[in-house]
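So you can see what is in the structure, the chains are spelled out below.
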Amino acid sequence: MGGKTDVWQGTLALMVLKTLQTLGAQHGYGIARRIEQTSGDLLTLNYGTLYPALLRLEQEGCIASEWGLSENNRRAKFYKLTRAGHRQLAKETGNWLQANAILARFLTPDEPAAAPAGGAQ
Amino acid sequence: MRKLRALLLRLRGLAPTAQAEHDLQDEIGLHIDLETEANEHAGIPHKEARRQAMLKVGGEQVMQAVRDRRSLPALESLLQDTRFALRQLRTHPTFTATAITMMVLGIAASVSIFAFVDATLLRPLPYREPRRLVATTELVDKLGPANLSYQDYLDWRRSNRVYQSFAAWGGEGFLLATPGGTEPVTATKVTANFFGTLGVPPLLGRDFRPGEDLAGAPRTVILTYPAWQQYFGGRADVIDSSVRLSGEAFTIIGVLPQNFEFAARGPSALFVAMHPTGECELRRSCHNLIGLARLKDGITVAQADGDVKRVARELQQQYPGSNRGQDGIALPLYEQVVHNIRPILLTFLAGSGLLLLIACINVASLLLARADSRRREFALRGALGAPSGRIFRQFATESLLLVLIGTLLGVASAATVMRLLLSLIPAKMLASMPYLKTAHLTGRVLTFTVAISVAAWLLFTLIPALHVSFTGLRAGLMEGTSGGGSLGWRRLGSNLVVLELATAVVLLAGAGLLGRSLFQLLRVHVGFDPSHLATIFVEAPETSYPGDEKQLALQKQVEARFRTLPGVQAVGIANLLPVSFNGNTGWIRFVGRPYDGHHIEVNERTVSPQYFETLRATLLHGRWFTEADAPQRRSGHDHQSNLRQTVFSRRGSDWEAVREQ
């Protein structure tokens, strides 16, 4: 293993939503940096998927955008979470944690399997 | 919900705005700038920092991904194809008009004929469980399925083992007094269980009750919906009121549903309960009814046919005088209704199908020729990077447009064609085929339309597309001149022409034969001069003119009055028009020739002495009737009497037979 991992299918939207919840209104670059930093620079983000994902979330009403000024005084598009986005985030977070817990139970090593009722040998 | 919202927004994105594009460039540009700055912070020189930023962000690639997400790329290219195809069709108006006209002709013809086929052959008869209904009647050598006598009907009903219910019906006619004068109305006399057998309850009032079809019962009538509207103003209080039909009082007990039809009988305004008191009903050898029965559960028509034949055989032994040679038959009611029109409809359907085929081949050839002349265009598009799927889709879009326009116009004209065809059928003939009037664009007809459209679309797409792909894009580009024509195209094109010509020959031969038959039919020598003849129906009910004397006196009066009309040269009277047939037959025996056990059955009609002169008929031997023959001819109904004056037509041998008397 080692090296960087690509963002898994379907998790990018969740990361974007979580980022916006944590940081508040943010432009695309800010979101990208935050995701990379949070992953401890283990993730490479494909911008070919980030911006379409942002557009999709906006079309679906999870985030809203407005134009403002960036830290270097440039015209920038800021995204923020909508109420529907908050709901969506809560739902998907729950799903992920549950899925993780299940997988963890499967994959945790050295856990003694429940002995068969009859007991062998 | 969220998906729907996104879809709607993407649909709106189909119309791109300059603002959206500008915003996109700003957004991605900012990202690259910020990325560059970050790289510079890390100590990378500006040029290299920018290069790395652009590599990482992706620039144009990202923007295209966003643009794709902004609208629906598949739909967008479809719209593009459609716009392009429309432009193509507009810039070649002659081609477009020809192709669409051919499609419309083919589709209108086949769809309208199919609608009639659907209404007649495919739709079940409008009765309860129509598959269990059979027509059952007597069968004689000379006529095939003939009529059933009332006496035989009673025996059949009693002795059969296959029918849940067994009704009988026969033609009838009445004179009805209306405010506008006395009108003849068509009617059907039925046994009381007739509507029960069909499974049709009346709309108003009640059905006939058991026993109302017996001799002693008061007379009852059920109106059809049109008769109720026409003669009784659609009033509900007609139920239980009395009406005089040919001078006799009938009680109206019910009205039939609006959509009721009984095609086996043809037009009938009224249905009256049978009143078996007439001479015919009492005589076993008088056949004037047709049986209608509902099969018991699990009985097949073949079983019913066998059982009816068994009963008929028993009756032959029991009543040899009247029933010799009288077999029985049971066949599906559906067969009785459609067997005359089925071959006509199938001929039309085949004809219109061939016409459609010719139209499609024509359009396909046109498209092929055009694809050939457009080879350079496609070669160029291919060279500029258009994927072959996209070029194929271009063909599909163009032919889809053609087929769509052709189908829509074709279906619209089919409705007109159907009205036109219906108006070509004589009203009397149409009245006996009520199901034709119910032809319209049903689901089945539309399915048929869609099926032929899809087939045409595939044909129109595949033929030019295969041509272009076989020819090869490179060859198309190199050939330089347009319309060079390759061997493949010539082979495919000439095969299409061969197929089309063959189809056209089949169609022409069929049409020619039909025309020839009609021509022959119009020139059949009928044995008299059919020009300058006018016919008129006179109805004189027994109640007003009882007895032969009065009937004969009326005949003479009618003849005399007509003869005084200007332009009238001769007047004859018959109970049946020439060249028509109603199954009236009689059995004859020759004086002096021993009866050999075989009935000699001959067609029969009653005529006045001047009948043949009026027709200008050709006389082979002997003489016509004279006034002196008339009283003998009308010697009541003594069927044992010798037919002294009988005109034999057809063969000389018949004449020899008569001379033997």
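Residues numbered from 1 in each chain as written. Chains lettered and ligands numbered in written order. Predicted model: local features only at pLDDT ≥ 70, side-chain atom pairs only at ≥ 80, totals over all residues. Heavy atoms only, no water.

J.: Give me the overall build of chain A: which residues, what numbers.
T.: A count of helices and strands for chain A gives four helices and five strands. Listing each helix as α and each strand as β along chain A from the N terminus yields β-α-β-α-β-α-β-β-α. By residue count, 36% of the 121 residues in chain A fall in the buried class. Long-range pairs, those at least 24 residues apart, make up 50% of the contacts in chain A with a sequence separation of at least 6. Entry remark: accessible area of chain A is about 7600 Å², with carbon and sulfur atoms responsible for 56%. (Helix = DSSP H or I, 4+ residues; strand = E, 2+ residues; numbered from the N terminus. Buried < 20%, exposed > 50% of the residue type's maximum accessible area, 1.4 Å probe, protein only. Contact = heavy atoms within 4.5 Å. Areas by Shrake-Rupley, 256 points an atom, 1.4 Å probe, with all protein chains shown as cover.)

J.: Please set out the overall build of chain B residue by residue, giving values where relevant.
T.: The secondary structure content of chain B amounts to 25 helices and 14 strands. Looking at chain B as a whole, 39% of its 661 residues qualify as buried. Residue pairs in contact within chain B that sit at least 24 positions apart in sequence constitute 75% of those at least 6 positions apart.

J.: Give a detailed account of the pairing of strand β5 (residues 181–190) of chain B, specifying residues and quantitative values.
T.: All names here are of chain B. Where strand β4 (residues 163–178) and β5 come together, 10 bridges link them in antiparallel fashion. What sits directly across from Gly 173, in β5, is Thr 186. Between β4 and β5, which follow one another and run antiparallel, lie two residues. In this structure, β5 lies alongside strand β10 (residues 270–273), joined through four bridges in parallel fashion. Following the sheet pairing, Thr 188 is matched in β10 by Phe 271. (Pairing = 2+ DSSP bridges.)

J.: An account of the interface of chain B and chain A is requested, with residue identities and associated values reported.
T.: Listed per partner, the contact involves 27 residues of chain B and 25 residues of chain A. Taken together, both faces of the contact between chain B and chain A bury some 2400 Å²; the carbon and sulfur share is 55%. Its largest share of buried area at the contact with chain A, chain B owes to Arg 2, Glu 27 and Arg 69 of chain B, together 27% of the area lost on that side. Linking chain B with chain A are four salt bridges. (Buried area = accessible area lost by both parts, 1.4 Å probe. Salt bridge = Lys/Arg side-chain N within 4 Å of Asp/Glu carboxyl O.)

J.: Please give an account of the side chain of Ser 71 of chain B that cites residues and values.
T.: Residues and elements named next belong to chain B. With respect to the helices and strands, the residue Ser 71 is situated in the loop between α4 (60–70) and α5 (73–91). Ser 71 gets classed as buried once you look at its relative accessible area, which sits at 2%. Residues in contact with Ser 71, not counting those within four places in the same chain, are Arg 10, Gly 13, Leu 14 and Glu 76.

J.: Give a detailed account of the packing of helix α1 (residues 12–23) of chain A against helix α3 (residues 47–59) of chain A, specifying residues and quantitative values.
T.: When two helices pack together, their arrangement is given by the angle between the helix axes and the distance between those axes. Residue and element names in this part refer to chain A. Remark: α1 packs on α3, axes separated minimally by 10 Å, with the N-to-C direction vectors making an angle of 70 degrees. Accordingly, the angle class assigned to the pair α1 and α3 is roughly perpendicular. The residues of α3 that touch α1, namely those facing Leu 12, Ala 13, Val 16 and Leu 17, are Thr 49, Leu 50, Ala 53, Leu 54 and Leu 57. For the contact of α1 with α3, the per-class residue count stands at eight nonpolar, one polar and no charged. (Axes fitted to C-alpha atoms, helices over the stretch in contact; angles between N-to-C directions. Parallel < 35°, antiparallel > 145°, perpendicular 65-115°, else oblique. Nonpolar A, V, L, I, M, F, W, Y, C, P; charged D, E, K, R; others polar.)

J.: Give me a nonpolar patch on the surface: which residues, what numbers.
T.: Residue and element names in this part refer to chain B. Taken together, the side chains of Leu 4, Leu 7, Leu 8, Leu 11, Leu 75, Leu 78 and Leu 79 make up a nonpolar region of the molecular surface, amounting to roughly 560 Å² of accessible area. If you list the elements that add at least two residues to the nonpolar patch, you get α1 (2–12) and α5. Here the nonpolar patch takes four residues from α1, the largest share from any one element. By secondary structure assignment, the location of Leu 75 is in helix α5. (Patch = residues over 30% accessible without salt bridge, like charges linked within 9 Å, V, L, I, M, F, W, Y side chains within 5 Å.)

J.: Give a detailed account of the pattern of salt bridges, specifying residues and quantitative values.
T.: The full count for this structure, using the stated rule, is 31 salt bridges over all chains. Between Asp 26 of chain B and Arg 75 of chain A there is a salt bridge, with the nearest N and O atoms lying 2.5 Å from each other. Taken together, the residues Asp 26 of chain B in helix α2 (residues 18–41) and Arg 75 of chain A in strand β5 (residues 75–81) connect one chain to another. Residue Asp 26 of chain B is classed as partly exposed on the basis of its relative accessible area of 22%. On the accessibility criterion, Arg 75 of chain A (33% relative accessible area) is partly exposed.

J.: How would you summarise the packing of aromatic side chains if you had to cite specific residues and measurements?
T.: Tallying each qualifying case throughout the model produces 19 aromatic pairs over all chains. Members of the aromatic cluster, joined through ring pairs, are Tyr 127, Trp 169, Phe 194, Phe 195, Phe 208, Phe 260, Phe 262 and Phe 271 of chain B. Sitting over the ring of Trp 67 of chain A, Arg 75 of chain A keeps its end group 3.9 Å from the ring centre. Note that Arg 284 of chain B overlies the ring of Tyr 319 of chain B, its terminal NZ or CZ placed 3.6 Å from the centroid. (Phe/Tyr/Trp six-rings, centres within 6.5 Å; stacked < 30°, edge-to-face > 60°. Lys NZ or Arg CZ within 6 Å of the ring centre and 35° of its normal.)

J.: I'd like a description of the pairing of β5 of chain A, backed by residues and values.
T.: All names here are of chain A. Across the seven residues that make up β5, a large majority, five, are buried. Judged from the two bridges that link them, strand β2 (residues 26–27) and β5 form a sheet pairing that is antiparallel. Following the sheet pairing, His 27 is matched in β5 by Phe 78. Two elements, strand β4 (residues 63–69) and β5, share seven bridges in a ladder whose sense is antiparallel. Its bridge partner lying in β5, Trp 67 is registered against Lys 77.

J.: Describe α1 of chain A, with residues and values.
T.: Residue and element names in this part refer to chain A. With 12 residues, α1 should cover 16 Å at 1.5 Å per step; its first-to-last C-alpha distance of 16 Å lies within 8% of that length. Within the sequence span of α1, burial applies to Leu 12, Ala 13, Leu 14, Val 16, Leu 17, Thr 19 and Leu 20. Where α1 is buried, its residues contact β2, α2 (28–38), α3, β4, β5 and α4 (83–107). Two residues or fewer after α1 comes Gly 24, characterised by a positive phi angle close to 80 degrees. (Expected span 1.5 Å × (residues − 1).)

J.: Which residues make up the sheet that holds β5 of chain A, and what values do they have?
T.: Residue and element names in this part refer to chain A. Taken together, three strands build an open sheet; the order of strands is β2-β5-β4 and the sheet is antiparallel. Where the open sheet ends on each side, the last strands, each with one partner, are β2 and β4. Set on the sheet, α3 makes contact with β4 and β5; between it and β4 the angle comes to about 115 degrees.

J.: Which residues make up the side chain of Thr 614 of chain B, and what values do they have?
T.: Residue and element names in this part refer to chain B. Mapped onto the fold, Thr 614 is located in helix α23 (residues 611–615). Judged by its relative accessible area of 19%, Thr 614 falls in the buried class. Looking at Thr 614, its side chain comes within polar contact range of the main-chain oxygen of Val 571, at 3.5 Å. Those residues in contact with Thr 614 that lie beyond four places of it in its chain are Leu 533, Ala 570, Val 571 and Gly 572. (Polar contact = N/O pair within 3.5 Å; in protein donor to acceptor, adjacent residues only side chain to side chain.)

J.: Break down the environment of Val 337 of chain B for me, citing the residues and quoting the values.
T.: Residues and elements named next belong to chain B. By the element assignment, Val 337 lies in helix α13 (residues 333–338). By relative accessible area, Val 337 is classed as buried at 11%. Among all residues touching Val 337, those that are not within four sequence positions of it are Leu 125, Ala 263, Ala 264 and Tyr 435.

The quantities given are spatial measurements derived from coordinates; they are silent on function.
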